[in-house]
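Take a look at the letters that make up each chain.
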Amino acid sequence: MPYEVQGVVATAVNEPVRVETIVIPDPGPGEVIVDVQACGVCHTDLHYRQGAINDEFPFLLGHEAAGVVSEVGDDVTNVAVGDFVVLNWRAVCGNCRACRRGRPWYCFATHNASQKMTLDGVDLSPALGIGAFAPKTLVAAGQATKVDPAAPPEVAGLIGCGVMAGLGAAVNTGGVSRGDSVAVFGCGGVGDAAICGALLAGAHTIIGVDIDDRKLEWAREFGATHTINSTGMSNDEVVESIRKLTGGNGVDVAIEAVGLPQTYEQAFYSRDLAGTVVLVGVPNPTMKIELPMIEVFGRGGSLKSSWYGDCLPNRDFPMFVDLHLQDRLPLDKFVSETIGIDGVEEAFEKMEHGEVLRSVVML
């Protein structure tokens, strides 16, 4: 029987979000209902509200979530009622050309629930196919990844998006290994997760770069060995500062977690010969970069982009939750505050002003 619950909905471009009564249908084949316990307020949710993703309003916001499976549809085998899960927006198909090549983290045919949740009879567009600023949500079974229930939901849910993006940028995409030097440009939630990932992988030197001293302090708490406030510095000055911290050579891996041409250029030139640049910050569609081809050729190495931290949820989510429970990955430090379902609009404002790493809605 369908459920009526309260959910956070964006109805028009840049209009404040509203808490509305929405309808959740019974799960169909390959679908599950998850009783959401906690959901982080991610920048992507704000992008949906701003119309920066697409114009398919109304949106049911929220996607960085953890909860318990309460109902399953036919043909569901990966989770069962009562399982504690983290929701993900990469439900791999298993059949596309990437999956068949043994690279499911590049799956080109990820899928969502077939049925729609509704508001006053109108289909809702769930953020990243999830829509978890609600006590219940309907997702494809492949979007629910079982993890250890000993993890607090407000912590576990963060693995579902921003924290995974940063961890994966360092560990999966960047391939940071023992003794490496790493620079992370942008020390918000994703950047700090990249710092965590670099530390976990055994990096020797980890440099955080930002224009906000508060964020640089966060970077040090997460494991940065050095920090640089780049306010007022030219690109050359930023690069030279990084070289001075790495024996004049530059870093092995430079991770850009801002999504700006200027910081990407800094990352490009601050790496050592044969070093790696990883772009995990999300640029807007109008941005362009211009680099001398001889520099791309002469420096060697690789220029990579990291989409969702190149993660495979059923491989990575349980592992990172377990590392947290072993006190080896301080996911709890990302939770700046817990709020109610009516606090999302205020949380957006705090996020835009850099006052929080993550506000988490408790449901």
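Use the structure listed above.
Cut-offs used in this document
- Residues numbered from 1 in each chain as written.
- Predicted model: local features only at pLDDT ≥ 70, side-chain atom pairs only at ≥ 80, totals over all residues.
- Heavy atoms only, no water.
- Helix = DSSP H or I, 4+ residues; strand = E, 2+ residues; numbered from the N terminus.
- Rg over C-alpha atoms; globule rule 2.2 N^0.38 Å.
- Buried < 20%, exposed > 50% of the residue type's maximum accessible area, 1.4 Å probe, protein only.
- Areas by Shrake-Rupley, 256 points an atom, 1.4 Å probe, with all protein chains shown as cover.
- Lys, Arg positive; Asp, Glu negative; His and termini not counted.
- Charge placed at Lys NZ, Arg CZ, Asp CG, Glu CD.
- Pairing = 2+ DSSP bridges.
- Axes fitted to C-alpha atoms, helices over the stretch in contact; angles between N-to-C directions.
- Contact = heavy atoms within 4.5 Å.
- Right-handed = clockwise from strand over helix to strand, strands pointing away.

*Asks:* Can you walk me through the overall build of the chain in this structure?
*Replies:* Of the regular secondary structure elements, the chain holds 11 helices and 19 strands. Its C-alpha atoms give the chain a radius of gyration of 20 Å, within 12% of the compact-globule value 21 Å for 363 residues. Principal-axis analysis of the C-alpha atoms gives the chain an extent of 65 × 40 × 40 Å. Looking at the 363 residues of the chain, the share that counts as buried comes to 54%. For the chain, the computed accessible surface area is about 15,300 Å², with 50% contributed by carbon and sulfur atoms. Looking at charge distribution, the chain has the averaged site of its 25 positive side-chain charges lying 9 Å from that of its 46 negative ones.

*Asks:* For this particular structure, what's the right way to read the sheet that holds strand E17 (residues 302-305)?
*Replies:* Strand pairing in a sheet is mediated by backbone hydrogen bonds. Such pairs are either parallel or antiparallel. Sheet architecture is open: six strands sit in the order E14-E13-E12-E15-E16-E17, paired in parallel fashion. Unpaired on one side and paired on the other, strand E14 (226-229) and E17 mark the two borders of the sheet. Within the sheet, the average angular offset between the axes of one strand and its neighbour, ignoring direction, is 15°. Note that strand E13 (residues 205-210) and E14 share four bridges and pair parallel. Bridge assignment links Ile 207 to a residue of E14, and that residue is His 226. Along the sheet face, helix H8 (residues 261-270) touches strand E12 (181-185), strand E15 (251-256), strand E16 (271-279) and E17 and points at about 150° away from the line of E16.

*Asks:* Teacher, can you tell me more about the pairing of strand E19 (residues 359-362) here?
*Replies:* Both faces of the sheet carry side chains from a regular strand, because those side chains alternate between them. Pairing analysis gives three bridges linking strand E3 (residues 31-40) to E19, with the strands arranged antiparallel. Counterpart to Ala 38 in the pairing with E19 is Met 362. The pairing of strand E18 (residues 337-339) with E19 spans three bridges and is classified as parallel. Counterpart to Glu 337 in the pairing with E19 is Ser 359. This β-α-β element, E18 to helix H11 (residues 344-352) to E19, shows right-handed connectivity.

*Asks:* Which parts of the structure should I look at to understand unusual backbone geometry?
*Replies:* Here the residue pair Phe 57 and Pro 58 is connected by a cis peptide bond, since its omega of 0° sits within 30 degrees of zero. Relative to the assigned elements, Pro 58 resides in the loop between helix H1 (43-49) and strand E4 (59-60). Not every positive phi belongs to a glycine, and Ala 274 is a case in point at roughly 65°. Positionally, Ala 274 belongs in strand E16. Residues other than glycine seldom take positive phi values, yet Tyr 308 does so here, at roughly 60°. With respect to the secondary-structure elements, Tyr 308 resides in the loop between E17 and helix H10 (313-325).

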